[in-house]
Amino acid sequence: ATAVGLAVPALAGRLTHRIGPRLVVVTSQLVQAAGALAYLVASDAAGVFVAAALLSIGTQLFYCSVFVLVADVSTTTAKERPFALVNMVRAGAFGLGTLSAAVLLAWDSDAVLRWLVGLNALSFVVAAILLAAYVRTESVDYTAIRAVGPLTVLRDRRYLALMLAVFLIDLADFSLVGMPIFVIEFVDGPEWLPGALLTISTALLSLFSVRVVDSLRGLRRTRSMQGSAAIYAVFAVLMMGMLWVPTQLLIPYAVAIWLLRVFATMAFFPIAGALSEALPPPEHRAAAMATYQYAFTTAQVAAPAIVALFAVTSWLPWAILAAASLAATVVVGWLGRAMPPTVDRPAALVATR
């Protein structure tokens, strides 16, 4: 079902050209609502597959179009701040949803599970209604812009380099699943520590993403991304070092290095997202930002394989992350030399410092 969703970015850019990003985002919510409702009526493997495929398609459609919509709604030229604000809301909602699900699942009731899925479907419908009724953008004649596909976008080596850097850094998401395995199985840490670290990251992302992006104004975008990638490499090396940390220092050590990861996340991805919007020519923007999502989806496909390497040795996944992060610093460095200075350091960022 996830593989079915991988075909969506190739079509989402053209669809955005044809009907505009707002209607595509509304459609994505309705498709996801249909997927959630399909779970309620599924009675066999085929029904579950249909439900999962609808959710996968809707999710990919959403992320391929929502940041085009955010860029259109935003009145600022540089999009780091609105993209960071979206990440704050998403992190807060993720934490609230996880907590709500945990409370409901604690009841250990099939009826509660069905209500949970039904509420999920309802939330998608409410989101679609809010978007359709209240979100307005400037009038853009998308049909007048020649639609292009992913191959056209990927012929731009600079955009391909941006996607490669994002893929390499997004591999760090394996740590969201792998960190609990590492802490409990290899470090012999307390069972509550992984949950505490994830809670800390969710809280900080939902509160300080915009503030971190604001603090980087005036710096070259690629310089900020390089610094963030280097921090990811340090984080990976320090995670390996946890194997030799004394037990009495384990908790403060884990919190300190996890804060490095959170800061790097807050700095890297909103700026990379702003570049994904600013780098392509205007007539390629919708297709480019849809294609950009492949950097995340391919990393998500690769992440479970990296987690599986814990079965080989405790340090190998972190070594791969460190190498990927260092490679990203090289790629972003080339990107900074290849792109126009006005894109790498837009006047809007410098003037508002």
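Anything mentioned here points back to the structure above.
Quick caveat, the model's predicted, so the values are computed rather than measured. (Residues numbered from 1 in each chain as written. Predicted model: local features only at pLDDT ≥ 70, side-chain atom pairs only at ≥ 80, totals over all residues. Heavy atoms only, no water.)

(A) How the structure looks around the environment of Ala295. Positionally, Ala295 belongs in helix α14 (residues 294–308). Expressed as a C-alpha distance, the spacing of Ala295 and Leu168, which sit 127 residues apart in the sequence, is 8.4 Å. Non-local contacts of Ala295, meaning those with residues more than four positions away in its chain, are made with Met163, Val166 and Phe167. (Helix = DSSP H or I, 4+ residues; strand = E, 2+ residues; numbered from the N terminus. Contact = heavy atoms within 4.5 Å.)

(B) Structural context of the pattern of salt bridges. Applying the stated rule across the entire model yields eight salt bridges. Across the pair Asp344 and Arg220 runs a salt bridge, and its minimum N-O distance is 3.0 Å. Here Asp344 is found in helix α16 (residues 341–344), whereas its partner Arg220 is found in the loop between α10 (193–215) and α11 (221–241), with 124 residues between them in sequence. With a relative accessible area of 2%, Asp344 lands in the buried category. You can call Arg220 partly exposed: its relative accessible area is 28%. Through salt bridges with shared partners, a single ionic network connects Asp72, Glu277 and Arg285. (Salt bridge = Lys/Arg side-chain N within 4 Å of Asp/Glu carboxyl O. Buried < 20%, exposed > 50% of the residue type's maximum accessible area, 1.4 Å probe, protein only.)

(C) Structural context of unusual backbone geometry. For Asp188, which is not a glycine, the phi torsion comes out positive at approximately 60 degrees. Residue placement: Asp188 occurs in the loop between α9 (174–186) and α10. Note on Asp188: relative accessible area 66%, which makes it exposed.

(D) Just the packing of aromatic side chains, in detail. What the rule picks out here adds up to 15 aromatic pairs. Through a chain of ring-to-ring contacts, the aromatic side chains of Phe174, Phe182, Phe186, Phe235, Trp258, Phe310 and Trp318 assemble into a single cluster. In this arrangement the basic side chain of Arg261 is found over the ring face of Trp258, its NZ or CZ atom lying 5.2 Å from the centre. (Phe/Tyr/Trp six-rings, centres within 6.5 Å; stacked < 30°, edge-to-face > 60°. Lys NZ or Arg CZ within 6 Å of the ring centre and 35° of its normal.)

(E) Region of the structure containing the nonpolar core. Grouped together as the largest cluster of nonpolar side chains are 73 residues, with contacts concentrated most on Tyr159, Leu162, Val166, Met242 and Trp318. Per-element tally for this core: the top contributor is helix α12 (residues 250–278), with 13 residues. With residues near it in sequence (within four places) discarded, Tyr159 still touches Val153, Ser276, Leu279, Pro280, Ala288, Met289 and Tyr292. Formed by six residues, the second largest nonpolar core is a distinct cluster that contains Ala12, Val24, Leu61 and Cys64. (Core = buried A, V, L, I, M, F, W, Y, C linked by side-chain atoms within 4.5 Å.)

(F) Helix α4 (residues 45–73), seen in detail. Its 29 residues place the ends of α4 41 Å apart at the C-alpha level, agreeing with the 42 Å of an ideal helix rising 1.5 Å per residue. Bending of α4 peaks at approximately 30 degrees at the position of Ser65. (Expected span 1.5 Å × (residues − 1). Bend = angle between axes of the 7 residues up to and from the residue.)

(G) Main features of the packing of helix α5 (residues 80–105) against α10. It is at 7 Å that the axes of α5 and α10 come closest, and there the two elements cross at 170 degrees. In this view, α5 runs roughly antiparallel relative to α10, as classed from their interaxial angle. Where α5 abuts α10, its residues Glu80, Arg81, Ala84, Leu85, Met88, Ala91, Gly92, Phe94 and Gly95 lie against Thr202, Leu205, Ser206, Leu207, Phe208, Ser209, Val210, Val213 and Asp214. (Axes fitted to C-alpha atoms, helices over the stretch in contact; angles between N-to-C directions. Parallel < 35°, antiparallel > 145°, perpendicular 65-115°, else oblique.)

(H) Quick peek at the packing of helix α3 (residues 21–41) against α4. Close contact between α3 and α4 brings their axes to 7 Å; oriented N to C, the two are set at 160 degrees. Between α3 and α4, the angle is such that the two are roughly antiparallel. As α3 packs across α4, the resulting crossing turns out to be left-handed. (Left-handed = near helix turned anticlockwise from the far one by under 90°.)

(I) Local environment of a nonpolar patch on the surface. A cluster of nonpolar side chains, Leu30, Leu119, Leu122, Val125, Val126, Ile129, Leu130 and Tyr134, forms an exposed patch at the surface whose accessible area comes to about 760 Å². Of all the elements, helix α6 (residues 110–134) adds the most residues to the nonpolar patch, at seven residues. Turning to its location among the elements, Tyr134 is positioned in helix α6. (Patch = residues over 30% accessible without salt bridge, like charges linked within 9 Å, V, L, I, M, F, W, Y side chains within 5 Å. Areas by Shrake-Rupley, 256 points an atom, 1.4 Å probe, with all protein chains shown as cover.)

(J) Expanded view of the environment of Thr202. Relative to the helices and strands, Thr202 is located in helix α10. On the basis of relative accessibility, which here comes to 17%, the residue Thr202 falls in the buried class. In sequence terms Thr202 and Phe186 are 16 residues apart; their C-alpha atoms lie 24 Å from each other. Discounting chain neighbours no more than four positions away, the residues touching Thr202 are Ala91, Phe94 and Gly95. Here the side chain of Thr202 touches Leu198 through a polar contact of 2.9 Å, landing on its backbone oxygen. (Polar contact = N/O pair within 3.5 Å; in protein donor to acceptor, adjacent residues only side chain to side chain.)

(K) Spatial organisation of the environment of Leu171. Structurally, Leu171 can be placed in the loop between α8 (157–170) and α9. Given a relative accessible area of 7%, Leu171 falls into the buried group. Taking the C-alpha atoms as reference points, Leu171 and Ala295, 124 residues apart in sequence, are found 9.7 Å from one another. Setting aside anything within four residues of it in sequence, one finds Leu171 in contact with Ala299, Ala302, Ile306, Leu321 and Ala324.

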